[in-house]
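# Reading the structure
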Amino acid sequence: MHNSLLTFPFSKDNTRSKALFLLLTVAMELGGGQFFIAPDGNDADPGTLLEPKATVSASLNLLTAGDTLLVRGGTYINNSTVTIGSDYDGTDGLRYYLMAYENESPLFDFSTSNFGLRGFRLNASYWSIKGLSIKGAGDNGLQISGGSYNFIENCAFFENRDTGLQLSNGAAYNQIINCDSYYNADPPDYGDADGFAPKLDVGTGNYFYGCRAWGNCDDGWDGYMRGASDVTTILDSCWTWGNGYLPDGSDPGSQANGNGFKMGGGDNSNADALMHHFELTNCLAFNNKAKGFDQNNNLGSMTLLNCSGYGNLTANYRISRELNEGQFLRVKNSVSHFGETQLGDFALQETNSWLNGISVDDDDFISISTIHADNPRQPDGSLPEIDFMHLASGSDLIDSGTDIGLGYNGNAPDLGAFESSITSTYAKEDGLRAGFKLGQNYPNPFNPATQIDYYLPESSAVRLVVLDLRGRELIRLSDNSQVAGHHSVSWDGKNSRGQTVAGGLYFYRLEVSGGIITQKMLLLK
Ligand SMILES: [Ca+2]
Ligand SMILES: [Ca+2]
Ligand SMILES: [Ca+2]
Ligand SMILES: [Ca+2]
């Protein structure tokens, strides 16, 4: 990766997912102990590669922070909840790892467990869980209950009898990366099973990247609040569709709400004026039974940037209820096709497809066929490459957006969730933008330090900053005038006050005269 100076955003997904792919390797290099379970293992055995144990539960007492429990492929039949208690809290510097072994595919099947029993319950913090599938639980597939700063990566949750992955009891700052949650359904009422639910008494700062939720009987994402308020959830590059139905396409009734991204608040009266602030970027909602992007009763702030809604039956966007004092709704660079857009007058809008005389029809897209959305993920866990809602040559959605600091191709950001590599023919040239580059940091993931390379085609004012997931500046690595050519800076994982920051995903952003490029990096502790 050292030599691959790549121009944003062609490289955005690839480089990031490569980075995530390295996570397992890095875990191995951290020097913690390794233990193993296998479907044909035995809990009386020591938990080595050759003599694996059979269950996670029986392996926990082998583990201390920094250790890895590797899960061999195959099916694990479970009849009871696997609980990881808060006595297994890691620290920012020393995580616990629960991961599929190499490229194997372990499945935890709870189908024979009683109704009401969760599959996994994670009460602990600083765990990295990767590569597991969890199906058939009598309640949530995985509930993160109070645990924080966990990484859940490349996991799948399906056919559970309540929400696939739920975060509750103050769970905060968890990062859910490249996970799928589908066909979860809770008979007999079918009223509660969502794909991903940061809801009820969830904590703040939870982050979803590259996740998909489809075919859940209730909602794709649900941020309904009870017993908590004023929390923030961030979604980046997430897709949700076909919620509100059963897997055979039938409608299980009115309790099954069928929204894509349902952004919270309390019940219908919301007498407590509960707030769940949502920030959605590059997100896609289509063919849901009700709304694609749904305020529900949320009275907090919502930001939708470069989102796409298509064919959601009630509305693609419905955020019309007045917010609490001081809260805001921002919607920019977003697209609506085949569906209503119902935004209150208070919405702060810029360059959306329903503004400014832009017209949206099928010809704006390479494809409006949705059939590939549930394709298998790429080998590194990233979303499949699809044509759906990607912009076709000649579309007036190309380069019609507002610069919101996310980077783009061509002369301006496009509208919708997928930035095209096509440059509009009518827009004027931007010579500098065509030439400057920001490389993927290396190593990545990293600990404790990493290097960032960039290239300037001509001398320019340069500012290179590190941001957290909320976009808050942690430190300025460059802030001066620089000559043309290659440049390189390193970051030691500390903020401007010299404090070491927590592990997790961070942005680094290069601003030069003429444009901005942003990339992500993963600090692993
Ligand atoms: Ca419901
Ligand atoms: Ca719901
Ligand atoms: Ca058009
Ligand atoms: Ca563009």
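Residues numbered from 1 in each chain as written. Chains lettered and ligands numbered in written order. Predicted model: local features only at pLDDT ≥ 70, side-chain atom pairs only at ≥ 80, totals over all residues. Heavy atoms only, no water.

## A short note on the overall build of the protein chain
For the record, the criterion: Secondary structure elements follow DSSP: runs of H or I no shorter than four residues count as helices, runs of E no shorter than two count as strands, and numbering proceeds from the N terminus. A radius of gyration in this sense is built from C-alpha atoms; the matching globule rule multiplies 2.2 Å by the number of residues raised to 0.38. Relative accessibility decides the category of a residue: with a 1.4 Å probe and only protein chains considered, values under 20% of the type maximum give buried, values over 50% give exposed, and everything between is partly exposed. Contacts are residue-level and defined by heavy atoms, with any inter-residue pair within 4.5 Å sufficient. None of His or the chain ends enter the tally, which takes Lys and Arg as positive and Asp and Glu as negative. The location of each charge is read from NZ of Lys, CZ of Arg, CG of Asp or CD of Glu.
Helix and strand content of the protein chain: four helices and 39 strands. The C-alpha atoms of the protein chain give 23 Å as radius of gyration, which agrees with the globular expectation for 525 residues (24 Å, within 12%). In terms of its C-alpha atoms, the protein chain occupies a principal-axis envelope of roughly 70 × 55 × 40 Å. Burial analysis of the protein chain (525 residues in total) assigns 61% to the buried set. Within the protein chain, contacts between residues at least 6 apart in sequence are counted, and of these 69% link residues at least 24 apart. Of the charged side chains in the protein chain, 34 are positive and 61 negative; the average position of the first set lies 5 Å away from that of the second.

## Thoughts on the coordination of the calcium ion (ligand 1)
The test is simple: Distances define the donors: N, O and S atoms within 2.8 Å of the metal qualify, as do those within 3.2 Å of Na, K or Ca. Water is excluded, so some sites may look unfinished.
Within the protein, the calcium ion (ligand 1) binds to G191 (O), D218 (OD), D218 (OD), Q255 (O) and N257 (OD1); these donor distances fall in the range 2.2 to 2.8 Å. Site description for the calcium ion (ligand 1): donor spacing in sequence, G-x26-D-x36-Q-x1-N. A separation of 4.2 Å is found between the calcium ion (ligand 1) and the calcium ion (ligand 2), both of which receive a donor from D218. Highlighted residues: G191 in the loop between strand 15 (180-182) and strand 16 (196-198) and D218 in the loop between strand 18 (212-214) and strand 19 (221-224), separated in sequence by 27 residues.

## Some remarks on the domain arrangement of the protein chain
Note the cut-off: For the domains described, the bounds stem from an automatic or database domain assignment.
By domain assignment, the protein chain separates into domain 1 (13-295) and domain 2 (432-523). Summarising the inter-unit geometry, the C-alpha centres of domain 1 and domain 2 are found 31 Å apart.

## Overview of the packing of aromatic side chains
How we decide: Classification of ring pairs uses Phe, Tyr and Trp, with its six-membered ring standing for Trp, and accepts pairs whose centres are within 6.5 Å; under 30 degrees between planes counts as stacked, over 60 as edge-to-face, and the remaining range as tilted. The criterion for a charge sitting over a ring is simple: Lys NZ or Arg CZ within 6 Å of the ring centre, and within 35 degrees of the ring normal.
A complete count under the given rule lists 26 aromatic pairs for this structure. Pairwise contacts between aromatic rings join F158, Y182, Y183, W214, W241, F286, Y310, F338 and F388 into one cluster. Of note, R95 hangs over the ring of F151, and the distance from its end group to the ring centre comes to 3.8 Å.

## Brief notes about the coordination of the calcium ion (ligand 4)
Looking at the metal site, the calcium ion (ligand 4) is ligated by D399 (OD), N409 (O), A412 (O), D414 (OD) and E419 (OE), spaced 2.2 to 2.5 Å from it. N409 gets classed as buried once you look at its relative accessible area, which sits at 6%. When its relative accessible area of 24% is taken as the criterion, E419 is described as partly exposed.

## Focus on the sheet that holds strand 38 (residues 504-512)
The condition that has to hold: When DSSP finds two or more bridges between a pair of strands, those strands are recorded as paired. Axis angles are defined between N-to-C directions and span 0 to 180 degrees, where every axis is a line fitted to C-alpha atoms and, for a helix, only to the segment in contact.
The strand order across the open sheet built from four strands is 36-35-38-39, with neighbouring strands paired in antiparallel fashion. With partners counted over all chains shown, the strands left at the sheet margins are strand 36 (473-482) and strand 39 (515-523), one partner each. The mean inter-strand angle of the sheet, taken between neighbouring strand axes irrespective of direction, is 15°. Here strand 38 runs beside strand 39; their pairing, made up of nine bridges, is antiparallel. In the strand pairing of strand 39, G504 is matched with L523.

## Remarks on the nonpolar core
Here is the rule we go by: Nonpolar cores are built from buried Ala, Val, Leu, Ile, Met, Phe, Trp, Tyr and Cys residues. Side-chain atoms within 4.5 Å join them into one set.
Counting residues in each nonpolar core, the largest one holds 62 residues, and the members touching the most others are L98, F108, W127, I152, F196 and F293. Sequence-distant contacts of F108, that is, excluding residues within four places in its chain, are made with I37, V56, V71, Y76, N78, F120, L132, S133, I134 and K135. By size, the runner-up hydrophobic cluster in this structure holds 24 residues, among which are F158, W214, M389 and I398.

## Quick word on the side chain of D109
Cut-off, in case you're wondering: We count a salt bridge whenever a side-chain nitrogen from Lys or Arg sits within 4 Å of a carboxyl oxygen from Asp or Glu.
Its place among the elements puts D109 in strand 6 (residues 106-109). Of the buried charged residues, D109 lacks a salt bridge, with K135 as the closest side chain of opposite charge at 4.2 Å. Filtering out sequence-adjacent residues up to four positions away, D109 remains in contact with T75, Y76, I77, N78 and K135.

## A closer look at the pattern of salt bridges
According to the stated counting rule, one finds 18 salt bridges in the structure shown. Of the charged contacts, one joins E104 and R72 as a salt bridge, the two residues approaching to 2.8 Å between their closest N and O atoms. Placement of the pair is E104 in the loop between strand 5 (96-100) and strand 6 and R72 in the loop between strand 2 (68-71) and strand 3 (74-77), with a sequence separation of 32 residues. Linking R118 and D139 is a salt bridge whose minimum nitrogen-to-oxygen distance equals 3.5 Å. One end of the pair, R118, is in the loop between strand 6 and strand 7 (120-122); the other, D139, is in the loop between strand 9 (133-135) and strand 10 (142-145), and 21 residues separate them in sequence.

## Comments concerning the sheet that holds strand 20 (residues 231-236)
Taking strand neighbours across the sheet as the criterion, the twelve strands line up as 1-2-5-8-11-14-17-20-23-26-29-32 in an open arrangement whose pairing is parallel. In the strand order of this sheet, the two ends are held by strand 1 (34-37) and strand 32 (348-350), each with one partner. Averaged over all pairs of adjacent strands, the angle between strand axes in this sheet comes to 10°, irrespective of strand direction. Bridge analysis of strand 2 against strand 5 gives four bridges, and the strand direction is parallel. Its bridge partner being in strand 5, V71 is matched across the sheet by A100.

## Quick notes on the pairing of strand 29 (residues 329-332)
In terms of strand pairing, strand 26 (residues 302-305) meets strand 29 through four bridges, oriented parallel. Residue L305 lies in a different strand from strand 29, and its bridge partner there is K332.

## Let's talk about the confidence of the model for the protein chain
What counts, and what does not: Per residue, pLDDT captures the predictor's confidence, and it can take any value from 0 to 100.
In this model, the protein chain carries an average pLDDT of 90, and 91% of its residues clear a pLDDT of 70 or more. Every residue in residues 1-30 is under pLDDT 50, and counting partners more than four places away or in other chains gives 81 contacts. The low-confidence segment residues 424-432 (pLDDT under 50) makes 16 contacts with residues lying over four places distant or belonging to another chain.

## Quick notes on the environment of N257
Position of N257 among the secondary structure elements: in the loop between strand 21 (239-241) and strand 22 (261-265). Not counting residues up to four positions away in its chain, the partners in contact with N257 are G191, C217, D218, D219, K262, K289 and A290.

## Digging into the environment of V466
Structurally, the position occupied by V466 is in strand 35 (residues 460-467). The class for V466 is buried, based on a relative accessible area of 0%. With 165 residues separating them along the chain, V466 and S301 place their C-alpha atoms 24 Å apart.

## Considerations on unusual backbone geometry
With an omega of 5°, the peptide bond between P187 and P188 qualifies as cis. Mapped onto the fold, P188 is located in the loop between strand 15 and strand 16. P448 follows N447 through a cis peptide bond whose omega is 5°. Mapped onto the elements, P448 comes out in the loop between strand 33 (437-438) and strand 34 (450-456). A positive phi angle is found at Y190, which is not glycine, with a value near 55°. In this fold, Y190 is placed in the loop between strand 15 and strand 16.

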